[in-house]
Amino acid sequence: MIKTRSSSRSRVPVWLRILIPSVLILVWLALFAAGGSSFSKISEVAKNDQVQQLPASADATQVQELQSLFRGDDVIPAVLVYQRDSGLTADDDAEIAAQVSAIQDVDGVVPASVSPPIISEDGEAAQVIVPMDTSITPADTVETVRDYLADNQIDGVSAYVTGPAGLSADIVGAFAGLDGILLLTALAAVLVILIIVYRSPLMPLIVLGTSLSALCAAVLVVISLARADVLVLSGQTQGILFILVIGAATDYSLLYVSRYREALRDHERKWDATMAALRGSFEPILASGGTVIVALLCLLFSDLNSNKALGPVAAIGIAFALLASLTLLPALMLWAGRVAFWPVRPAFGSAHPELTGAGAKGVWPKIARLVGRRARLVWIASTLLLAVASIGLFQLKADGVPQSDFVLGSSQARDGQAVLGDHFPGGAGTPALVVGPESELDAMAEVILAANGVDSLSVLSEDSPSGTLTVTDAGLSSVGPPGTPVGEPTVHDGQVMLQATLDDAGDSAEADANVRHLRVDLADLDNGILVGGTTAIAIDTHDTAVHDRNLIIPIILGVILIILMLLLRSVLAPVLLVATVVLSFGAALGVSAWVFNGVFGFSGADPSVPMFGFVFLVALGIDYNIFLMTRVREESIAHGTREGILRGLVATGGVITSAGIVLAATFAALGVLPILFLLQISFIVAFGVLLDTFLVRSLLVPALAHDIGPKVWWPSKLARGMIRR
């Protein structure tokens, strides 16, 4: 591209050149302060209840809402498990009963619904169902109960708090590092990379300050909208927001800084250099950020509320990353000027590095020469390599994982669930809940008891000490001590609620299959019968996630394709870019499947993992292609397509590689949290971004475009060689 040197005085008054950046910096400083003070409050509005993520139409959601009408409280059950290998003694039984009585006084426990201790057939374990009020944070209640059990340990007896409430508490605990560990890890990784890239003490602080300001502003807005019930924020959405904003804002900043450094060679005055840098970077940054925002907003088409919630939350984060990189960063760089690059300052009038030709030195000119000489060989070899890596895609087990595997590392709830399964039916404490007409009670009971995998059945009753009546072939009987009145089932609007205890753990594949069959059998009896509970929630989540994946991926591809066509004024180039990014995504997912199965030994992946991986990789991978191809188009107008491709590759090589490494490092930081979903997303996106950066954008795309030549711009004028020199 032909450069012109300018030392002419800007027509903008001096006072305005001082006022504009000063106002921008002050506004962002206020947002930084307000958002920074809100960080500690973001966990207060985060909700990690799996049922809240389901669509309102799901059976499990409807049953969850009906529970409070039958029980009198909106509750989530915890299960206390006591175990002694040699068998519980009479003294153990007495101490357990005393502890259960004391636990009923814990704030958040629903005392009237706490069951008496139930001893296992082998006499080695006892379980107690402890319903917890969801209006008081169940995780806090679980921790209080766990602390009490730890402080009053029965000698020789192991005690656990498990069940849905226990698992929920472990998940909340795993997300506890979001505000500190995750953010510090991401910032430290970015800081180290920026110091290496710029070899300057001031520039990394300016870029990181811009990214942090964008994050603080996004957090402030997201918290306000969550409190107003406009948005739903979960722990995983919070983690992705942090990483996405830091990574994206740093990437956009790197592109602007690259253009500003070029402009300082051509313009003596900082204001003129700032305007030139903005003209050169505004379109690609806006297009890149806009593409990611639109792709994220496509998640609003999801049925799964967790997917739907992530879209606008992450889009808000990207919007502030975009805004900060185009306002705050230029203002800070304007104030700093050439000092920002100290000790290697770009001098006015100094020569730009030669991009192509015999005099061009460095890694990127060498890569450009390789692409220019062996374009067809390069793109075919790159494509074959990605295709081979994609074979592993068929090994990805994305059919869901047990909720107990959601938390990595230690989990008292998971350990307690294992003990529970050794001594009681696997589904104890996590029953399938069936809601149907009172008139069909006997018929429903008959169908449920005849179903595969059902150990026992009970119906809710307000007259029974534990709130339930057992159902056997002989009819109803109380579950209380001998002589307790049988009572009557609780009826609401002509409906009753039954609890089916399953043979298998509520989050197991066997329980999943049995509940699916149970739903079919009960639908034959009455299509209005609803089946909910822990297993049903997992089923509905899985099915909705698969539906969303099949719907959202094509929508995002179509939207990105249209945006690229408008940006590049071409049809063929955008199709090729999208195809290369999709191939890169397939390769990233294939390699990830091999790593998950062979290295980490994961039991599987959530059905949403491939979709989230696609959203981030395709949207962010297209970012780098936008950075590259907008510069290639700019150079092609002046030098012709093939020369323009090589010049664009060299000009953007360093900045895009740096941006890719930064983004990969920030997503890799998600792996510090002991959450399976986030670890898998972390690896897929980090590896995929590096693949995009070093193979797709550096070799495949430029080689393919170079081989095709001017026709890559079809049907624009550039395709016919109509260029301006």
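First, a word on scope: everything that follows refers to the structure included in this document. (Residues numbered from 1 in each chain as written. Predicted model: local features only at pLDDT ≥ 70, side-chain atom pairs only at ≥ 80, totals over all residues. Heavy atoms only, no water.)

Overview of the packing of helix H17 (residues 509-525) against helix H18 (residues 534-568)
And then number 1: At a minimum axis separation of 9 Å, H17 and H18 run at an interaxial angle of 90°. It follows that H17 is roughly perpendicular to H18 by the angle criterion. On H18, the residues that touch Ala511, Asp512, Val515, Arg516 and Arg519 of H17 are Thr535, Ala536, Ile539, Asp540, His542 and Asp543. (Axes fitted to C-alpha atoms, helices over the stretch in contact; angles between N-to-C directions. Helix = DSSP H or I, 4+ residues; strand = E, 2+ residues; numbered from the N terminus. Parallel < 35°, antiparallel > 145°, perpendicular 65-115°, else oblique. Contact = heavy atoms within 4.5 Å.)

With respect to helix H16 (residues 441-450)
And then number 1: Of the residues making up H16, those classed as buried are Leu441, Met444, Ala445 and Ile448. Burial along H16 is one-sided: seen end-on, the buried residues are contained in an arc of 100°. Exposed residues on H16 whose side chains face more than 90 degrees from its buried face are Asp442, Glu446 and Ala450. (Buried < 20%, exposed > 50% of the residue type's maximum accessible area, 1.4 Å probe, protein only. Arc of directions from axis to C-beta.)

Some points on helix H9 (residues 235-266)
And then number 1: When the terminal C-alpha atoms of H9 are compared, their 47 Å separation across 32 residues agrees well with the 46 Å that a helix rising 1.5 Å per residue should span.
And then number 2: Taken across its 32 residues, H9 has 31 buried, putting it largely inside the fold. (Expected span 1.5 Å × (residues − 1).)

Section: the packing of helix H1 (residues 14-38) against helix H12 (residues 328-336)
And then number 1: For the pair H1 and H12, interaxial distance at closest approach is 9 Å and the crossing angle is 125°. The angle between the axes of H1 and H12 places the two elements in the oblique class. Here the hand of the crossing between H1 and H12 comes out left-handed. The segment H1 lies against H12, with Arg17, Ile18, Pro21, Ser22, Leu24, Ile25 and Trp28 engaging Leu328, Ala331, Leu332, Leu334 and Trp335.
And then number 2: Grouping the amino acids of the contact of H1 with H12 by side-chain chemistry returns 10 nonpolar, one polar and one charged. (Left-handed = near helix turned anticlockwise from the far one by under 90°. Nonpolar A, V, L, I, M, F, W, Y, C, P; charged D, E, K, R; others polar.)

Describing the pairing of strand S3 (residues 125-133)
And then number 1: The buried count for S3 comes to eight of nine residues, which makes it a mostly enclosed element.
And then number 2: Of the strand pairs in this sheet, strand S1 (residues 75-83) and S3 are connected by nine bridges, and their pairing is antiparallel. Each residue of the ladder has a partner; that of Val79, found in S3, is Ile129.
And then number 3: Bridge analysis of strand S2 (residues 118-119) against S3 gives two bridges, and the strand direction is antiparallel. (Pairing = 2+ DSSP bridges.)

Observations regarding a negative patch on the surface
And then number 1: Where like charges cluster on the molecular surface, the negative patch consists of Asp91, Asp93, Glu95 and Asp155.
And then number 2: Mapped onto the elements of the fold, Glu95 is located in helix H4 (residues 90-103).
And then number 3: You can call Glu95 partly exposed: its relative accessible area is 40%. (Patch = residues over 30% accessible without salt bridge, like charges linked within 9 Å, V, L, I, M, F, W, Y side chains within 5 Å. Areas by Shrake-Rupley, 256 points an atom, 1.4 Å probe, with all protein chains shown as cover. Salt bridge = Lys/Arg side-chain N within 4 Å of Asp/Glu carboxyl O. Lys, Arg positive; Asp, Glu negative; His and termini not counted. Charge placed at Lys NZ, Arg CZ, Asp CG, Glu CD.)

Digging into the nonpolar core
And then number 1: Grouped together as the largest cluster of nonpolar side chains are 151 residues, with contacts concentrated most on Tyr252, Leu296, Met333, Phe616 and Phe667.
And then number 2: Not counting chain neighbours up to four residues away, the residues in contact with Tyr252 comprise Ile285, Ser288, Gly289, Val292, Ile318, Ala321, Leu322, Ser325, Asp623 and Phe627.
And then number 3: One finds Val100, Val114, Ala139 and Val142 within the second-largest nonpolar core, a separate group that totals 24 residues. (Core = buried A, V, L, I, M, F, W, Y, C linked by side-chain atoms within 4.5 Å.)

Thoughts on the side chain of Arg647
And then number 1: Turning to its location among the elements, Arg647 is positioned in helix H21 (residues 641-668).
And then number 2: When its relative accessible area of 14% is taken as the criterion, Arg647 is described as buried.

Observations regarding the side chain of Ser253
And then number 1: Checked against the element boundaries, Ser253 lands in helix H9.
And then number 2: Polar contacts involving the side chain of Ser253 include one to the main-chain carbonyl oxygen of Ala249, which spans 2.7 Å.
And then number 3: Residue contacts for Ser253: discarding those within four places in its chain leaves Val207, Thr210, Ser325 and Leu329. (Polar contact = N/O pair within 3.5 Å; in protein donor to acceptor, adjacent residues only side chain to side chain.)

Topic: the environment of Ala573
And then number 1: On the secondary structure map, Ala573 appears in helix H19 (residues 572-600).
And then number 2: Residue classification places Ala573 among the buried residues on the basis of a relative accessible area of 2%.
And then number 3: The contact partners of Ala573, leaving out residues within four places of it in the chain, are Leu568 and Val712.

A short note on the pattern of salt bridges
Where charged atoms from two side chains of opposite charge approach closely, those side chains can pair.
And then number 1: For the structure on display, the rule yields 12 salt bridges.
And then number 2: In this structure, Asp707 engages Arg376 in a salt bridge whose closest nitrogen and oxygen atoms are separated by 2.9 Å. Of this pair, Asp707 sits in helix H22 (residues 676-708) while Arg376 sits in helix H14 (residues 375-390), and the two are 331 residues apart along the sequence.
And then number 3: According to the relative accessible area criterion, Asp707 is partly exposed, its value standing at 21%.
And then number 4: Taking the shortest distance from any N to any O, the salt bridge between Asp512 and Arg516 comes out at 2.8 Å. Of this pair, Asp512 and Arg516 are both found in helix H17, four residues apart, which corresponds to roughly one turn of the helix.
And then number 5: When its relative accessible area of 22% is taken as the criterion, Asp512 is described as partly exposed.
And then number 6: Residues joined in a network through salt bridges with shared partners are Glu262, Arg631, Glu635 and Arg647.

Describing the environment of Ser101
And then number 1: Turning to its location among the elements, Ser101 is positioned in helix H4.
And then number 2: In this structure the C-alpha to C-alpha distance between Ser101 and Val245, which are 144 residues apart in sequence, comes to 49 Å.

With respect to the pairing of strand S10 (residues 530-533)
Regular strands show a simple pattern: their side chains alternate between the two faces of the sheet.
And then number 1: Residues Leu530 and Gly532 point to one face of S10 and Val531 and Gly533 to the other, with burial holding for every one of them.
And then number 2: Note: strand S5 (residues 432-437) against S10, four bridges, orientation antiparallel. When the sheet's bridge partners are listed, Leu433 is paired in S10 with Gly532.

A short note on the packing of aromatic side chains
And then number 1: Under the defined criterion, the tally for this structure stands at 12 aromatic pairs.
And then number 2: Ring centres 6.3 Å apart and planes at 15° place the aromatic pair Phe612 and Phe616 in the stacked group. Of this pair, Phe612 and Phe616 are both found in helix H20 (residues 608-639), four residues apart, which corresponds to roughly one turn of the helix. Each of the two residues, Phe612 as well as Phe616, counts as buried.
And then number 3: Ring geometry for Phe612 against Phe677: centres 5.5 Å apart, planes inclined by 85°, an arrangement best described as edge-to-face. With Phe612 in helix H20 and Phe677 in helix H22, this pair connects stretches of sequence that are 65 residues apart. Pair check on accessibility: Phe612 and Phe677 agree, each one buried.
And then number 4: Linked through ring pairs, Phe596, Phe600, Phe602, Phe683 and Phe687 together constitute an aromatic cluster. (Phe/Tyr/Trp six-rings, centres within 6.5 Å; stacked < 30°, edge-to-face > 60°.)

Topic: unusual backbone geometry
And then number 1: With omega at 15°, the peptide bond leading from Trp342 into Pro343 counts as cis.
And then number 2: Within the secondary structure, Pro343 sits in the loop between H12 and helix H13 (363-373).
And then number 3: Of note, the bond from Trp714 into Pro715 is cis; its omega dihedral lies within 30 degrees of zero at 5°.
And then number 4: If you trace the backbone, Pro715 turns up in the segment after H22.
And then number 5: One non-glycine residue, Arg569, lies in the positive phi region at around 55°.

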